[in-house]
Amino acid sequence: MSRFLSERFSNIEPYTPGEQPKVSNLIKLNTNESPFPPSPKVIEALNNEELSKLNLYSDPDTKEVIDAIAKTFGVSSNQILMGNGSDEILAFAFQAFCDKVNEPCFADITYGFYPVFCELYGLEPEIIPLKDDLSIGIKDYIGKNKPIFIANPNAPTGLALSLTDIEKILESNKDSVVLIDEAYVDFGAESAVSLVDKYDNLIVSRTFSKSRNLAGARIGFAISTPELIADMCKMKFSFNPYNLNRLSIIAGKESVLDTEYFNRCISEIISNREYTVNELTKRGFTIPDSKANFIFAKHNTLSGEEYFNELRKRNIVVRYFSKERIKDYVRITIGSIEQMKALIEATDEILKG
Ligand SMILES: *Cc1c(COP(=O)(O)O)cnc(C)c1O
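Residues numbered from 1 in each chain as written. Predicted model: local features only at pLDDT ≥ 70, side-chain atom pairs only at ≥ 80, totals over all residues. Heavy atoms only, no water.

Undergrad: An account of unusual backbone geometry is requested, with residue identities and associated values reported.
TA: In the segment running from Asn152 into Pro153, the intervening peptide bond is cis, with an omega of -5 degrees. Here Pro153 lies in the loop between strand 5 (148-151) and helix 6 (163-171). The omega torsion across Ala155 and Pro156 is 0 degrees, close enough to zero to call that bond cis. Inspection of the secondary structure assignment puts Pro156 in the loop between strand 5 and helix 6. Here the phi dihedral of Thr62 falls at roughly 45 degrees; this positive angle occurs in a residue that is not glycine. Looking at the element boundaries, Thr62 is found in the loop between helix 2 (48-51) and helix 3 (63-73). Non-glycine residue Arg218 carries a positive phi angle of around 55 degrees. Of note, Arg218 is situated in the loop between strand 7 (202-207) and strand 8 (220-223). (Helix = DSSP H or I, 4+ residues; strand = E, 2+ residues; numbered from the N terminus.)

As structure tokens, this is what we get:
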């Protein structure tokens, strides 16, 4: 730390992203990326003509990609805001809707970035413990009267809430913003996008990083009411008006329009997830019912840390969290079938000891 850093940040603990190793012979199952390349339509559209326009700023209104999303999701363009990844959407939401009288609340085990935004913006969140089975207790969120942040499906558990339960939360917190972080919803959970016209306190955040194979392009978005979108838009234009670059606007548009490729990738991930859950369960693992592109696995004898370390020795990287309640688990991203077979093979070797 330099002697110039503002006092307010002297204790900040930044988010720790999963490792992005430089060596190429690794099976990388640690950051929930897709094992598949972006849609061929995306690759085709990012041509020399587009590259040669990089001397010009991107469209601050990101109109092309917003219109494509609006069409696909059946909402109006003024109900969408693009973010540089959905992390930026979350940043705008914490900044715009939380303060000393509206302190946010979220689960003890959830996306690790929520508490970091709270530190960054000087917020004091209420932390609501998950139930013993690691599911979200709906009753704990009834009538909270504060901004609520819920990842659905939750990370790193993979467990999803039903739309009925989400509606109960919205219904009982009409005077507070409820943000549903749907980073993983495409892998089998129910989306709350259908509720944005019914509840004026709902924000749904989405990302192209997981289900649209574009983590490196940094594209996220929010769907909400025109009013909440306009509020977050003020944050964007007070921070970085050109938050999406020219190439990402094109990539996002082409990707969202290629429904067929999207569906194919999703089905394959879901099928690989079922394969992996089956095989690991046979070998003594317990796994909550995942609706995401990762699973959260705990073995009946092998510790989480040991399994993580042993896999790493065999060039397979997964994610381990040392946090007390979940330290027996590892989070495994669902990759290609070849990658998952290699994981099972390595697991057999490790269990043989
Ligand atoms: C990955 C993830 C995000 C953010 O993804 P971006 O790459 O910033 O779009 C947001 N929420 C959850 C729960 C995630 O796992």
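Undergrad: Explain the pairing of strand 6 (residues 178-181) to me, using residue names and the numbers behind them.
TA: Covered by surrounding structure in strand 6 are Val178 and Ile180 together with Leu179 and Asp181, the residues of both alternating faces. With 4 bridges connecting them, strand 5 and strand 6 associate as parallel partners. What sits directly across from Phe149, in strand 6, is Leu179. Between the parallel elements strand 5 and strand 6, the chain passes through helix 6 in a crossover that is right-handed. Across 4 bridges, the pairing between strand 6 and strand 7 is parallel. Bridging across to strand 7, Asp181 finds its partner in Ser205. (Buried < 20%, exposed > 50% of the residue type's maximum accessible area, 1.4 Å probe, protein only. Pairing = 2+ DSSP bridges. Right-handed = clockwise from strand over helix to strand, strands pointing away.)

Undergrad: Residues and numbers for the site of the ligand, please.
TA: Taken together, Gly85, Ser86, Asp87, Tyr111, Asp181, Ala183, Tyr184, Thr207, Ser209, Lys210 and Arg218 make up the full set of residues adjacent to the ligand. A distance of 2.6 Å is found between an oxygen atom of the ligand and a backbone nitrogen or oxygen belonging to Ser86. At a separation of 2.7 Å, an oxygen atom of the ligand approaches a polar side-chain atom of Arg218. For the ligand, the accessible surface in isolation is 390 Å², of which the surrounding protein chains cover 93%. When atom positions are compared with the pocket grids, the ligand is found to occupy the largest pocket. In the shell around the ligand, the residues fall into 3 nonpolar, 4 polar and 4 charged. (Near = heavy atom within 4 Å. Polar contact = N/O pair within 3.5 Å; in protein donor to acceptor, adjacent residues only side chain to side chain. Areas by Shrake-Rupley, 256 points an atom, 1.4 Å probe, with all protein chains shown as cover. 1 Å grid on protein atoms, 1.4 Å probe; cavity = no way out; pocket = protein on both sides within 12 Å on 5 of 7 lines; lining within 4 Å. Sits in = over half its atoms within 2 Å of the grid points. Nonpolar A, V, L, I, M, F, W, Y, C, P; charged D, E, K, R; others polar.)

Undergrad: Got a sec to walk through the environment of Met82? Specific residues and values, please.
TA: Inspection of the secondary structure puts Met82 in strand 2 (residues 80-83). Separated by 170 residues in sequence, Met82 and Gly252 have C-alpha atoms that sit 9.9 Å apart. Residue contacts for Met82: discarding those within four places in its chain leaves Thr62, Val65, Ile66, Ile69, Ile89, Ile219, Gly220, Phe221, Lys236, Asn243 and Leu244. (Contact = heavy atoms within 4.5 Å.)

Undergrad: Any chance you could break down helix 10 (residues 304-313) for me, citing the residues and the numbers?
TA: Every buried residue belonging to helix 10 is among Gly304, Tyr307, Phe308, Glu310 and Leu311, and all of these are buried. Buried residues along helix 10 sit against helix 9 (259-282), strand 9 (285-286), strand 11 (316-317), strand 12 (319-320), strand 13 (329-333) and helix 11 (337-352). One or two residues past the end of helix 10 sits Asn315, with phi positive at roughly 65 degrees.

Undergrad: Tell me about the nonpolar core, and please be specific about residues and values.
TA: Ile80, Met82 and Leu202 are the most contacted members of the largest nonpolar core, which totals 48 residues. Of all the elements, helix 3 adds the most residues to this core, at 5 residues. The two domains that each donate at least three residues to this core are domain 1 (7-37 + 260-352) and domain 2 (40-258). (Core = buried A, V, L, I, M, F, W, Y, C linked by side-chain atoms within 4.5 Å. Domains from an automatic or database assignment.)

Undergrad: Please give an account of the packing of aromatic side chains that cites residues and values.
TA: Scanning the entire structure with this criterion turns up 18 aromatic pairs. Between Phe73 and Phe221, the aromatic rings sit 5.6 Å apart at their centres with planes inclined by 70 degrees, giving edge-to-face as the arrangement. Note that Phe73 is positioned in helix 3 and Phe221 in strand 8, a separation of 148 residues in sequence. The class of Phe221 is buried, set by a relative accessible area of 3%. Aromatic pair Phe308 and Tyr320: ring centres 6.1 Å apart, planes at 35 degrees, arrangement tilted. Of this pair, Phe308 sits in helix 10 while Tyr320 sits in strand 12, and the two are 12 residues apart along the sequence. Aromatic rings pair up to connect Tyr15, Phe94, Phe106, Tyr111, Phe113, Tyr114, Phe117 and Phe149 into one cluster. Against the face of Phe262 rests Arg212, its NZ or CZ located 3.9 Å from the ring centre. Seen from the ring of Phe294, Arg331 lies directly overhead, with NZ or CZ sitting 5.7 Å from the centre. (Phe/Tyr/Trp six-rings, centres within 6.5 Å; stacked < 30°, edge-to-face > 60°. Lys NZ or Arg CZ within 6 Å of the ring centre and 35° of its normal.)

Undergrad: Tell me about empty space enclosed by the protein, and please be specific about residues and values.
TA: All chains considered together, the criterion is met by 3 cavities of 30 Å³ or more. In terms of lining, the largest cavity is formed by Pro38, Ser39, Ser211, Arg212, Asn213, Ser255, Asp258, Tyr261, Phe262 and Cys265. At 3 residues, the largest contribution of residues to the lining of the largest cavity is made by helix 9. The residue inventory of the lining of the largest cavity, partitioned by class, reads 4 nonpolar, 4 polar and 2 charged. In terms of domain composition, the lining of the largest cavity takes at least three residues from each of domain 1 (7-37 + 260-352) and domain 2 (40-258). What the second largest cavity holds in volume is close to 60 Å³. Lining of the second largest cavity is provided by Phe73, Glu182, Ala183, Val185, Asp186, Arg206, Thr207, Phe208, Ser211, Arg212, Phe221 and Val256. The residue makeup of the lining of the second largest cavity, split by class, is 6 nonpolar, 2 polar and 4 charged. (Points joined across faces, edges and corners; volume = space filled by probe spheres on them.)

Geometry only, nothing functional implied.
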